[in-house]
Amino acid sequence: MSNELSSVTETGRQKGAARCVECGRALAVWLSSSGQINPIGSTGGCPCGGTEFDPLG
């Protein structure tokens, strides 16, 4: 089993990494099957206030 498959949760989310478009900070994120990217542990986005992210990897 690959790491990608083993990291998918029951809700269809996958852990990953993304960079904030606003400040360039790399964050651990949840990647949804619909393409939505949400920082893990933060409901408001990046600490800089940014809410758009580019997936890494």
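These numbers come from a predicted model, not from an experiment. (Residues numbered from 1 in each chain as written. Predicted model: local features only at pLDDT ≥ 70, side-chain atom pairs only at ≥ 80, totals over all residues. Heavy atoms only, no water.)

Focus: the overall build of the chain
Phase 1: Looking only at helices and strands, the chain has 1 helix and 4 strands in total.
Phase 2: Listed N to C, the secondary structure of the chain is α-β-β-β-β in terms of helices and strands.
Phase 3: Going through the 57 residues of the chain one by one, you find that 19% of them count as buried.
Phase 4: For the chain, the accessible area works out to roughly 4100 Å², and carbon and sulfur atoms hold 48% of it. (Helix = DSSP H or I, 4+ residues; strand = E, 2+ residues; numbered from the N terminus. Buried < 20%, exposed > 50% of the residue type's maximum accessible area, 1.4 Å probe, protein only. Areas by Shrake-Rupley, 256 points an atom, 1.4 Å probe, with all protein chains shown as cover.)

So, the sheet that holds strand β1 (residues 14-20)
Phase 1: Taken together, 4 strands build an open sheet; the order of strands is β3-β2-β1-β4 and the sheet is antiparallel. The open sheet is flanked by β3 (37-39) and β4 (53-55), the only strands paired with a single partner. When the angles between neighbouring strand axes are averaged without regard to direction, this sheet yields 50°.
Phase 2: In this sheet, β4 lies alongside β1 in antiparallel orientation, the contact comprising 3 bridges. (Pairing = 2+ DSSP bridges. Axes fitted to C-alpha atoms, helices over the stretch in contact; angles between N-to-C directions.)

Digging into the pairing of β1
Phase 1: Strand direction decides the pairing type here: β1 and strand β2 (residues 26-31), joined by 6 bridges, are antiparallel. Bridging across to β2, glutamine 14 finds its partner in leucine 31.
Phase 2: Joining the antiparallel neighbours β1 and β2 is a turn of 5 residues, in which glycine 24 adopts a positive phi near 85°.

A word on the packing of aromatic side chains
Phase 1: Counted by the stated rule, this structure contains 0 aromatic pairs.
Phase 2: Sitting over the ring of tryptophan 30, arginine 13 keeps its end group 3.9 Å from the ring centre. (Phe/Tyr/Trp six-rings, centres within 6.5 Å; stacked < 30°, edge-to-face > 60°. Lys NZ or Arg CZ within 6 Å of the ring centre and 35° of its normal.)

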